[in-house]
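Reading the structure
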Amino acid sequence: METTTWQRQDVTQHYLEQVRGGIPFGAEQAKIMLQVVNHFTRKPKRIMDLGCGNGFLAEILLKSYPEASAVLLDHSEPMIENARVHMKDYRNRCEIILDDFSQSIGQYAEPETVDCIVSGYAIHHLPHTKKKELYQEIYKVLAPGGVFINVEHTASATPEIEKLHDELFIDHLSIHNKKDRQEIAKEYYNRPDKEDNILERVDIQVNWLREIGFKHSDCYFKWMELAVFGGVK
């Protein structure tokens, strides 16, 4: 993956402090992730978090499954540094690695050895061909019965729905951050990371998973452009 704005400290801090915590239905997304994982693999031992950010999703899983260990990958050094601080209580149960997961995850896991792979708002930065290649790699390293969950920013079906999403998201951020809506809107439409987004509709991505061989592939939760989807090997 080429250098992106996510390797800048200021972009990372803004996202972690003002955006990630203010994502609409963030708690519900995490809850759905846990419910799906628990339904298909009740005691995952090996977990992988792709584009881990500060380790938020991995932390939820390690807290929920005390016998599990995790590998956390992110290509952003500021994000990795945040993860090392955020995950300090789990340092004996997780490996935090600065690397580009779009190239290969096979070097960190043998085929059919990982019980649960998750990703949060990261894969949408990849070109569509790379997304599909990554989904194939994920399928390869998952153990039979293993679960993949992607908590993701996806494309709207039409420009008008995208416009509605933007307006609702700005409303939510304004309330969450207790800032003037006009100021939030200006930041939102001029954000430096916008160019890094390569969005695809969730139904198309679910179909990719089905074509690869994932079972029970579905969109488990969706609010506008924010979706939780995945499948089971």
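Not measured: the values here are computed from a predicted model. (Residues numbered from 1 in each chain as written. Predicted model: local features only at pLDDT ≥ 70, side-chain atom pairs only at ≥ 80, totals over all residues. Heavy atoms only, no water.)

Some details on the confidence of the model for the protein chain
Here the protein chain shows a mean pLDDT of 88. Residues at 70 or above account for 91%. Note that residues 1-19 has pLDDT below 50 and, in this model, 55 contacts with residues that lie over four places away or in other chains. (pLDDT = per-residue confidence, 0-100. Contact = heavy atoms within 4.5 Å.)

Thoughts on the sheet that holds strand β2 (residues 69-74)
Spatially, the seven strands line up as an open sheet ordered β3-β2-β1-β4-β5-β7-β6, and their pairing is mixed. Taken across any chain shown, the strands that pair with only one partner, and hence form the sheet edges, are β3 (94-98) and β6 (215-223). With direction set aside, neighbouring strand axes in the sheet form an average angle of 15 degrees. Sitting on the sheet, helix α5 (residues 128-141) touches β1 (46-50), β4 (114-120), β5 (142-153) and β7 (226-232), and the angle it makes with β5 is about 145 degrees. (Pairing = 2+ DSSP bridges. Helix = DSSP H or I, 4+ residues; strand = E, 2+ residues; numbered from the N terminus. Axes fitted to C-alpha atoms, helices over the stretch in contact; angles between N-to-C directions.)

Regarding the pattern of salt bridges
Pairing between side chains of opposite charge can happen when their charged atoms approach one another. Tallied over the full model, the rule gives nine salt bridges. In this structure, K233 and E112 form a salt bridge, with 3.3 Å as the shortest nitrogen-oxygen distance. Taken as a pair, K233 in the segment after β7 and E112 in the loop between β3 and β4 lie far apart in primary sequence, 121 residues in all. Take E112: its relative accessible area is 45%, and that puts it in the partly exposed class. Across the pair D171 and R181 runs a salt bridge, and its minimum N-O distance is 2.4 Å. Of this pair, D171 sits in helix α6 (residues 159-177) while R181 is found in helix α7 (residues 181-189), placing the two residues 10 residues apart along the sequence. Judged by its relative accessible area of 30%, D171 falls in the partly exposed class. Here the residues in one salt-bridge network are E167, D171 and R181, joined through shared partners. (Salt bridge = Lys/Arg side-chain N within 4 Å of Asp/Glu carboxyl O. Buried < 20%, exposed > 50% of the residue type's maximum accessible area, 1.4 Å probe, protein only.)

Structural notes on the pairing of β3
Strand residues, when the strand is regular, have side chains that alternate between the two faces of the sheet. Two strands pair when backbone bridges link them, and β2 and β3 are joined in this way by five bridges, in the parallel orientation. Its bridge partner lying in β3, L72 is registered against I96. Crossover connection from β2 via helix α4 (residues 77-86) to parallel β3: handedness right-handed. (Right-handed = clockwise from strand over helix to strand, strands pointing away.)

Side note on the packing of aromatic side chains
Evaluation of the coordinates by the stated rule reveals eight aromatic pairs. Between F25 and W223, the aromatic rings sit 6.2 Å apart at their centres with planes inclined by 50 degrees, giving tilted as the arrangement. With F25 in the loop between α1 (9-19) and α2 (26-40) and W223 in strand β6, this pair connects stretches of sequence that are 198 residues apart. F25 gets classed as partly exposed once you look at its relative accessible area, which sits at 39%. The class of W223 is buried, set by a relative accessible area of 17%. Plain terms: the ring middles of F148 and F214 are 6.2 Å apart, the flat faces sit at 45 degrees to each other, and that makes the pair tilted. Residue F148 is located in strand β5, and its partner F214 is located in the loop between α8 (202-212) and β6; the two are separated by 66 residues in the primary sequence. Like F148, the residue F214 is buried in the burial classification. Here a set of aromatic residues connected by ring pairs shows up, and it is made of Y135, Y139, F148, W208 and F214. One residue, K233, lies across the ring of Y139, its end atom 4.9 Å from the ring centre. (Phe/Tyr/Trp six-rings, centres within 6.5 Å; stacked < 30°, edge-to-face > 60°. Lys NZ or Arg CZ within 6 Å of the ring centre and 35° of its normal.)

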